[in-house]
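Examination of the molecular architecture
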Amino acid sequence: MRDPSAPAFWEGLYAQHRDGWEMGRAAPPLVDFVDTTPPPKGRVAVPGCGRGHDARFLASRGYDVTGFDFAPAAVEAARALAQRDGVRVAFERRDVFALAGEYTNAFDGAWEYTCYCAIDPRRRAEYVRALAAIVRPGGWLLACFFPFRGAPNGPPFPVSRAEIARRLAPRFRIARDFPPLRSARGRQGRERVVLAYRVC
Ligand SMILES: C[S@@+](CC[C@H](N)C(=O)[O-])C[C@H]1O[C@@H](n2cnc3c(N)ncnc32)[C@H](O)[C@@H]1O
C-alpha cells in the first residue's frame, strides 16, 4: 500500500525499518534556532513527530510539548525514549488532520519538520488549515521545510519557496525565511527555516 494518508503505510515503514528519515537526534536546524533565538515559551505542538527527538529536545529547553503521530510504532517509541531520558512530553496517537476540534487554539507554537513533505501534497492546504486551527492567534509556527529539489514521487514530496509562501499566506505571516547553517547529512542545501506568526 502506498497511501501516505493511511497510518498503515507509515506503520509498515517502521516495521520494515524503512525509516530513512530517522536521525536518532533532534534536527540541527531546530537545535540551532532554539539555542540562538528561542521562540517564546509555552505549549508547543509537534505534528508527525515520529520517535519524538525534536519534541524531547524542545521539552528539554523548557517548552510544554505535545507530539502527534498516527503510527502506533512511532508513538510507542517516542514514549519509551522520553521515559528513558526522564523528559516530560506528551505523545498522542492522532491524525494531524483531525486535531482541530480537540485542540483549537490550544498551542502557543508549533514545530513542523518532515510532516509537510510526508503527507499527500494534495492535502497541504488542509494541513496548513489544521496547523492554523491549533496554534492560537498571534502564536508562532517554526518550520524547517525539506526537500527543496527531489523526485516528485515521494514521500518525501518536494517543496518550493513559492508554494510555501502561497500556502501559509492566508493564515500565517512569514517573519523569517533562511537556509539553516547546519543540516543532517544528505539534506544540506535542501532545507529552509521559516518562522511565521498566526494571523489574528
Ligand atoms: C518522514 S516521518 C518524520 C518523523 C519526524 N518528524 C522526524 O523528523 O523524525 C513522517 C511522520 O509523520 C507521520 N504522519 C504522516 N502523516 C500523518 C498524519 N496525517 N497524522 C499524524 N502523523 C502523520 C508518520 O507516521 C511519520 O512518523
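Higher on the page you've got the structure.
Quick look at the structure, then.

Calculation rules
Residues numbered from 1 in each chain as written. Predicted model: local features only at pLDDT ≥ 70, side-chain atom pairs only at ≥ 80, totals over all residues. Heavy atoms only, no water. Buried < 20%, exposed > 50% of the residue type's maximum accessible area, 1.4 Å probe, protein only. Helix = DSSP H or I, 4+ residues; strand = E, 2+ residues; numbered from the N terminus. Pairing = 2+ DSSP bridges. Right-handed = clockwise from strand over helix to strand, strands pointing away. Axes fitted to C-alpha atoms, helices over the stretch in contact; angles between N-to-C directions. Contact = heavy atoms within 4.5 Å.

Side note on the pairing of strand β5 (residues 135-145)
For β5, the tally of buried residues reaches 8 of 11 residues, placing the bulk of the element in the interior. By the bridge criterion, 6 bridges tie strand β4 (residues 107-113) to β5 in an arrangement that is parallel. If you follow alanine 110 over to β5, its bridge partner there is leucine 141. In this region the chain leaves β4, passes through helix α6 (residues 124-134) and returns to the parallel neighbour β5; the handedness of that crossover is right-handed. Where β5 meets strand β7 (residues 192-198), 6 bridges bridge the pair, whose relative direction is antiparallel. Bridge assignment links leucine 142 to a residue of β7, and that residue is leucine 195.

Description of unusual backbone geometry
A cis amide bond links phenylalanine 146 with the next residue in sequence, proline 147, at an omega value of -5°. Relative to the helices and strands, proline 147 is located in the loop between β5 and α7 (161-168). In the segment running from proline 155 into proline 156, the intervening peptide bond is cis, with an omega of 5°. Counting through the fold element by element, proline 156 comes out in the loop between β5 and α7. The backbone of asparagine 105 shows a phi angle near 55°, a positive value even though the residue is not glycine. We classify asparagine 105 as partly exposed; its relative accessible area is 37%. Its identity is not glycine, yet arginine 149 carries a phi of approximately 75°, on the positive side. When you line up the elements, arginine 149 lands in the loop between β5 and α7.

Some words on the sheet that holds strand β6 (residues 172-178)
Pairing within the open sheet is mixed, and its 7 strands lie in the order β3-β2-β1-β4-β5-β7-β6. For this open sheet the edge positions go to β3 (90-93) and β6, each flanked by a neighbour on one side alone. For this sheet the average axis-to-axis angle between neighbouring strands, irrespective of direction, equals 20°. Summarising the sheet, strand β1 (residues 43-47) and strand β2 (residues 64-69) pair through 5 bridges and their orientation is parallel. From the neighbouring strand, valine 46 faces β2, where its bridge partner is glycine 67. Helix-sheet contacts for α7 involve β5, β6 and β7, and the interaxial angle to β6 is about 155°.

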